[in-house]
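# Structural characterization, general
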Amino acid sequence: AYDYCVQALGCTAAEATKAEGALLPNIAESMTRTQIDCVCDWLQSSLDLSDAELKKVVTVNPTLLGYSVEAMASTFDWLQDRLGLDATQLKTMVVRHSRQMARSVESMESNCDWMQRR
């Protein structure tokens with residue numbers, strides 16, 4: 001994760017160290033560059049993220065790197081349905097509240113009123 005953050009996202013050494021440090025050791029060790037590329041490519045293309053927005057999402061919530069694309073797609077679909085978001089609004093939600101994306105749908109449900117006010 002460290003190398004990806006530095007090489008692909010343009011993170012500083014401190015940012016990359018902090019991002020990798022947020023991952024559980026067994027997850028950080030098991031991640032491959034291919035897996036990380038797949039997740040980041042999907043995030044960037046599905047949400048139309050700029051390079052700077054992708055960097056922000058990953059550095060704020062590096063645990064997303066360990067998620068499957070299918071799980072994130074399901075969560076994003078649920079958010080769009082539950083909150084009535086269009087693609088631009090979903091993108092804004094993910095960029096501004098990327099920490100929330102690590103939560104389960106059940107956990108997010110209890111905070112939907114809060115999210116709808118944002």
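Just above, that's the structure.
Residues numbered from 1 in each chain as written. Predicted model: local features only at pLDDT ≥ 70, side-chain atom pairs only at ≥ 80, totals over all residues. Heavy atoms only, no water.

Our next topic: the overall build of the protein chain. Scanning the protein chain for helices and strands turns up nine helices and zero strands. What you see in the protein chain, going N to C, is helices and strands ordered as α-α-α-α-α-α-α-α-α. At 14 Å, the protein chain has a C-alpha radius of gyration in line with the 13 Å of a compact globule built from 118 residues. Summarising its shape, the C-alpha atoms of the protein chain cover approximately 35 × 25 × 25 Å along the three principal directions. Counting only residues that meet the buried cut, the protein chain has 37% of its 118 residues in that class. For the protein chain, restricting intrachain contacts to residue pairs at least 6 apart in sequence, the fraction spanning at least 24 positions comes to 64%. In the form shown here, the protein chain has an accessible surface area of approximately 6,600 Å², with 49% of it arising from carbon and sulfur atoms. For the protein chain, the distance from the average position of its 11 positive side-chain charges to the average position of its 16 negative side-chain charges is 10 Å. (Helix = DSSP H or I, 4+ residues; strand = E, 2+ residues; numbered from the N terminus. Rg over C-alpha atoms; globule rule 2.2 N^0.38 Å. Buried < 20%, exposed > 50% of the residue type's maximum accessible area, 1.4 Å probe, protein only. Contact = heavy atoms within 4.5 Å. Areas by Shrake-Rupley, 256 points an atom, 1.4 Å probe, with all protein chains shown as cover. Lys, Arg positive; Asp, Glu negative; His and termini not counted. Charge placed at Lys NZ, Arg CZ, Asp CG, Glu CD.)

Right, let's talk about the nonpolar core for a bit. Core analysis: the biggest nonpolar cluster contains 36 residues, and L43 and F76 have the highest contact counts within it. Breaking this core down by element, the ones donating at least two residues are α1 (2-7), α2 (13-21), α4 (33-47), α5 (51-60), α6 (69-83) and α7 (87-96). Apart from the residues within four sequence positions on either side, F76 is in contact with W42, L43, L47, L90, V94 and M101. (Core = buried A, V, L, I, M, F, W, Y, C linked by side-chain atoms within 4.5 Å.)

Attention shifts here to the environment of K56. With respect to the element layout, K56 can be found in helix α5. Owing to a relative accessible area of 40%, K56 belongs among the partly exposed residues under this scheme.

Glancing now at the side chain of N61. Tracing the chain through its elements places N61 in the loop between α5 and α6. From its side chain, N61 meets the backbone oxygen of S98 in a polar contact 2.8 Å long. Those residues within four positions of N61 in sequence are excluded, and the remaining contacts are S98, R99, M101 and A102. (Polar contact = N/O pair within 3.5 Å; in protein donor to acceptor, adjacent residues only side chain to side chain.)

Where α6 meets α7, the axes come as close as 10 Å, and the angle between the chain directions of the two elements is 115°. Handedness of the crossing formed by α6 with α7: right-handed. Residues F76, L79, Q80 and L83 of α6 lie in contact with α7, whose contacting residues are A87, L90, M93 and V94. A class-by-class count of the residues in the contact of α6 with α7 yields seven nonpolar, one polar and no charged. (Axes fitted to C-alpha atoms, helices over the stretch in contact; angles between N-to-C directions. Left-handed = near helix turned anticlockwise from the far one by under 90°. Nonpolar A, V, L, I, M, F, W, Y, C, P; charged D, E, K, R; others polar.)

Every buried residue of α7 is listed here: L90, K91, M93, V94 and V95. One side-chain oxygen at the N-terminal end of α7 lies 3.0 Å from the backbone nitrogen of T88; it belongs to D86.

Here the structure, examined in full by the defined rule, presents one aromatic pair. Taken together, a centroid distance of 5.5 Å and an interplanar angle of 20° make the contact between W42 and F76 stacked. One end of the pair, W42, is in helix α4; the other, F76, is in helix α6, and 34 residues separate them in sequence. (Phe/Tyr/Trp six-rings, centres within 6.5 Å; stacked < 30°, edge-to-face > 60°.)

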